[in-house]
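Given next are the chains, with one letter for each unit.
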Amino acid sequence: MFLPKCVATVRPGSCIIRRMSQRHFNLPPACFDTDYLLNPANRQAIEANIQHRKGIGDIQLVQRINEQLRAAPQSESERGMLQAQLDTELAKLPNRTHPAVVGYGTEPRIIERYNEHAKRTDRKYFQFGDICKRMNLYRMENLGNFTGHRSYYLTDELAELEHALICYAVDSLRQRNFQLVTVPDVLPGRIIESCGMSVHGERNQVYKLHGRDGREPLCLSGTSEMALAGYLAGRVLPADRLPQKLMAVSRCYRAETSALQEEKGIYRVHQFTKVEMFAVCQPGQSATVLEEFRAIEVQLFDQLGLHFLLLDMPPCELGAPAYRKYDIEAWMPGRAMYGEISSCSDCTDYQARRLGIRVRTGQEETFAHTVNGTACAIPRMLIALLENFQNKDYTITVPEVLRRYMGGKQLLRRRKVLPELKLTKRLVQEDTF
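Residues numbered from 1 in each chain as written. Predicted model: local features only at pLDDT ≥ 70, side-chain atom pairs only at ≥ 80, totals over all residues. Heavy atoms only, no water.

### Side note on the environment of Leu318
One can find Leu318 in the loop between strand E13 (308-312) and strand E14 (324-332). Overall, the relative accessible area of 2% leaves Leu318 in the buried class. Residues contacting Leu318, with those up to four places away along its chain left out, are Arg53, Lys54, Thr97, Met313, Tyr323, Arg324 and Lys325. (Helix = DSSP H or I, 4+ residues; strand = E, 2+ residues; numbered from the N terminus. Buried < 20%, exposed > 50% of the residue type's maximum accessible area, 1.4 Å probe, protein only. Contact = heavy atoms within 4.5 Å.)

Listed below in structure tokens is the structure:
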């Protein structure tokens, strides 16, 4: 597995820009918590956790392979094959689960409801796609869009609103000492897998790039969390400089699709822009950092005036890396439903063990913890804003905190379309004398 080696660093303001050479270095091998995972006394607890967490992983197979390795001596090639098989199966096991959420069953717990007075139910509200078509602000079909029905064009004031949301999120995070990083969209497959997303099999969310002549595949990144984690791979970080908080604005690529009526339009798309938060910290800090990320997300959406729910998610809704995860679901009156607009997760040492991110305290080293969260995922934020702040005259009220990024605009208005010009014949009667 290869990552580019940095040969120069320039720091304009708070943004890190790195120029990459063609030289590469090897990613450290994953270092799983074998003291816990290979201990037969923990098998029952690990099996229970797997069943709570979507049933992916086989601890019995893991421990059986380990027993074979510890048994009678094998040839070097046989031992290598067994070790590779063991590493593959260990990588499939999910992170442990926070004990507070184990008893939730399959339903999330509502921690708090925000801006309930702003829940729009007093009249008919149009869905995002209908609003935009009436206002001539976006297209998803028949305009040179060659990548399928899950991609889109934003135009005019809707495109301005997208950039306003990005600037609003970035400025808010900068005030909280996040460092802005520009990240690559193309990543080695192992970086993506180390962050907890599979790149193998027919049914996954990852786009692969072909033509690598048998080398490890390159993939399109599903979130900048992966690139930010890869940015720190193989590093040993001084404990007194943690937590280190990073943010990135990037395009995210997802191969997933949905046929659900409530997820039509830009709710679930193949490509979108997102402002991501990422932190690396000491093991004792990740729970506190997760609460900080949660508070940031709540403040961002509260200041926009949205009605939303803060949810503590059950084990079955946690991705493999997450120890605990909060979701935020905003009310979308055009759809008459709550839709997820954000989440944040404490991944403890799951990603750090796979990427070799360590913390040094004095002479001792341990694996770091990582935390990630979504400050702004553009498509669903646009849905929430347009469906909640639409007016009867087909205008959209711009939230006050976004107006400074849109030249002071208070309303989005219907885009006037010039009438289509048609050639017509005109009969002219000649004058006669």
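### Digging into the environment of Arg190
Summarising the element assignment, Arg190 is placed in helix H7 (residues 189-194). The sequence separation of Arg190 and Leu355 amounts to 165 residues, and the corresponding C-alpha distance is 9.1 Å. Among the polar contacts listed, one links the side chain of Arg190 to the backbone oxygen of Pro28, at a separation of 2.7 Å. (Polar contact = N/O pair within 3.5 Å; in protein donor to acceptor, adjacent residues only side chain to side chain.)

### What to know about the nonpolar core
Soluble globular proteins: nonpolar side chains tend toward being buried together. Phe128, Leu158, Leu161, Leu165 and Leu386 are the most contacted members of the largest nonpolar core, which totals 64 residues. If you look at the next biggest cluster of nonpolar residues, it comprises 30 residues, including Val206, Leu228, Leu246 and Val280. (Core = buried A, V, L, I, M, F, W, Y, C linked by side-chain atoms within 4.5 Å.)

### Focus on the confidence of the model for the chain
In this model, the chain carries a mean pLDDT of 87, and residues with pLDDT of at least 70 account for 85%. Note on residues 1-23: pLDDT is under 50 here. Beyond four places in sequence and across chains, it has 58 contacts. Residue range residues 427-433 is modelled with pLDDT below 50. Its contacts to residues more than four positions away, or to other chains, number zero contacts. (pLDDT = per-residue confidence, 0-100.)

### Section: unusual backbone geometry
In this structure, the amide linkage connecting Leu242 to the following residue, Pro243, adopts the cis form with an omega of 5°. Counting through the fold element by element, Pro243 comes out in the loop between strand E10 (236-238) and strand E11 (244-253). Non-glycine residue Asn136 carries a positive phi angle of around 55°. For Asn136, the position within the fold is in the loop between helix H5 (128-135) and strand E4 (138-139). Within the chain, Tyr394 stands out as a residue other than glycine whose phi angle is a positive 65°. Residue position: Tyr394 is located in the loop between helix H11 (378-388) and strand E19 (396-397).

### Comments concerning the pattern of salt bridges
Two side chains bearing opposite charge may form a pair once their charged atoms approach each other closely. Following the criterion strictly, the structure yields 14 salt bridges and no others. For Arg174, the salt bridge goes to Asp171, with nearest N and O atoms at 3.1 Å. A residue pair is termed a helical-turn pair when its members lie 3 or 4 positions apart in one helix, as Arg174 and Asp171 do in helix H6 (residues 156-174) at three residues. As a salt-bridge pair, Glu276 and Lys274 come within 2.9 Å of each other at their nearest N and O atoms. Glu276 sits in the buried class, given a relative accessible area of 1%. A network of salt bridges, in which partner residues are shared, links Arg109, Asp312 and Arg324. (Salt bridge = Lys/Arg side-chain N within 4 Å of Asp/Glu carboxyl O.)

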